[in-house]
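Structure assessment
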Amino acid sequence: MRKSAKFEKVSFVTFSENGSREIYDAIKLPRRATAKSAGYDFFAPTKLTVAPNQTVTVATGIRALMPDSWCLMIFPRSGLGFKYKLRLNNTVGIIDADYSDSDNEGHIFIRMTNESDKLLEIEQGSAFAQGIFVQYLLTEDDDTTETRNGGLGSTSKGEK
């Protein structure tokens, strides 16, 4: 199987807006749990405590590099969805290939809500989300030439 994508930490300068050097140094790059896993587990950079109906935003410290015709789709870990009704606030995170070229180095943030009636505690270094790389196709008449600089809706800034 061809390996065309990779994960890296964003620089400490970029991450330091959201965390300390100690947290940065402890960040683990996403990895698959088994040889046949589709998803790469994202690990909590700090202990996460999410009360019922509370929303948290996790600065992962991670960026994804991939070919132009790929994207990274982010989902909650399925066990957390079953036990805590953990949901990503954007339902599925889509990280485009050009996001890594942004001023924030493509820093991936994951915003999620605990929709259960139970307190959710995720220990530092424990898997809480997963990312799956997907190759996509373009239509024959696609003529898009716009470029991005930013995240969270930056590709629709010109739309009305």
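Our structure's up above, just so we're on the same page.
Please read these numbers as outputs of a predicted model, since none were measured by experiment. (Residues numbered from 1 in each chain as written. Predicted model: local features only at pLDDT ≥ 70, side-chain atom pairs only at ≥ 80, totals over all residues. Heavy atoms only, no water.)

Time to look at the sheet that holds strand β9 (residues 109-114). Here we have three strands laid out as an open sheet, ordered β4-β9-β7, and antiparallel in their pairing. With partners counted over all chains shown, the strands left at the sheet margins are β4 (55-59) and β7 (86-88), one partner each. Adjacent strand axes in the sheet meet at a mean angle of 30 degrees, parallel and antiparallel pairs treated alike. Pairing analysis gives three bridges linking β7 to β9, with the strands arranged antiparallel. Residue pairing across strands places Arg87 opposite Thr113, the latter belonging to β9. (Pairing = 2+ DSSP bridges. Helix = DSSP H or I, 4+ residues; strand = E, 2+ residues; numbered from the N terminus. Axes fitted to C-alpha atoms, helices over the stretch in contact; angles between N-to-C directions.)

Another point: the side chain of Thr14. You can see Thr14 is positioned in helix α1 (residues 12-15). Setting aside residues no more than four positions away along its own chain, Thr14 makes contact with Asn104, Glu105 and His107. (Contact = heavy atoms within 4.5 Å.)

Let us now look at the packing of aromatic side chains. Scanning the entire structure with this criterion turns up seven aromatic pairs. For the ring pair Phe7 and Phe42, a centre distance of 5.7 Å and an interplane angle of 85 degrees mean the geometry is edge-to-face. One end of the pair, Phe7, is in strand β1 (residues 6-9); the other, Phe42, is in strand β2 (residues 40-43), and 35 residues separate them in sequence. For Phe7, a relative accessible area of 11% corresponds to the buried category. By relative accessible area, which is 1% here, Phe42 ends up buried. Ring centres of Trp70 and Phe133 lie 6.1 Å apart, and the angle between their planes is 55 degrees; on these two criteria the pair is classed as tilted. Here Phe133 lies in strand β11 (residues 127-135) and Trp70 lies in strand β6 (residues 70-76), a separation of 63 residues in the sequence. Considered together, Trp70 and Phe133 belong to a single accessibility category, that of buried residues. A network of ring pairs unites the aromatic residues Phe7, Tyr40, Phe42, Trp70 and Phe133 as a single cluster. (Phe/Tyr/Trp six-rings, centres within 6.5 Å; stacked < 30°, edge-to-face > 60°. Buried < 20%, exposed > 50% of the residue type's maximum accessible area, 1.4 Å probe, protein only.)

Turning our attention to the nonpolar core. Phe42, Leu72, Ile110, Met112 and Phe128 are the most contacted members of the largest nonpolar core, which has 33 residues in total. Setting aside its immediate chain neighbours within four residues, Ile110 contacts Phe42, Val56, Thr57, Val58, Thr60, Ile74, Leu88, Phe128 and Ala129. (Core = buried A, V, L, I, M, F, W, Y, C linked by side-chain atoms within 4.5 Å.)

Time to look at the pattern of salt bridges. The tally for this structure, following the rule as stated, stands at seven salt bridges. Between Lys6 and Glu8 there is a salt bridge; the shortest N-O distance is 3.2 Å. According to the relative accessible area criterion, Glu8 is partly exposed, its value standing at 23%. Notably, a salt bridge pairs Lys47 with Glu121, separated by 3.9 Å at the nearest N-O pair. (Salt bridge = Lys/Arg side-chain N within 4 Å of Asp/Glu carboxyl O.)

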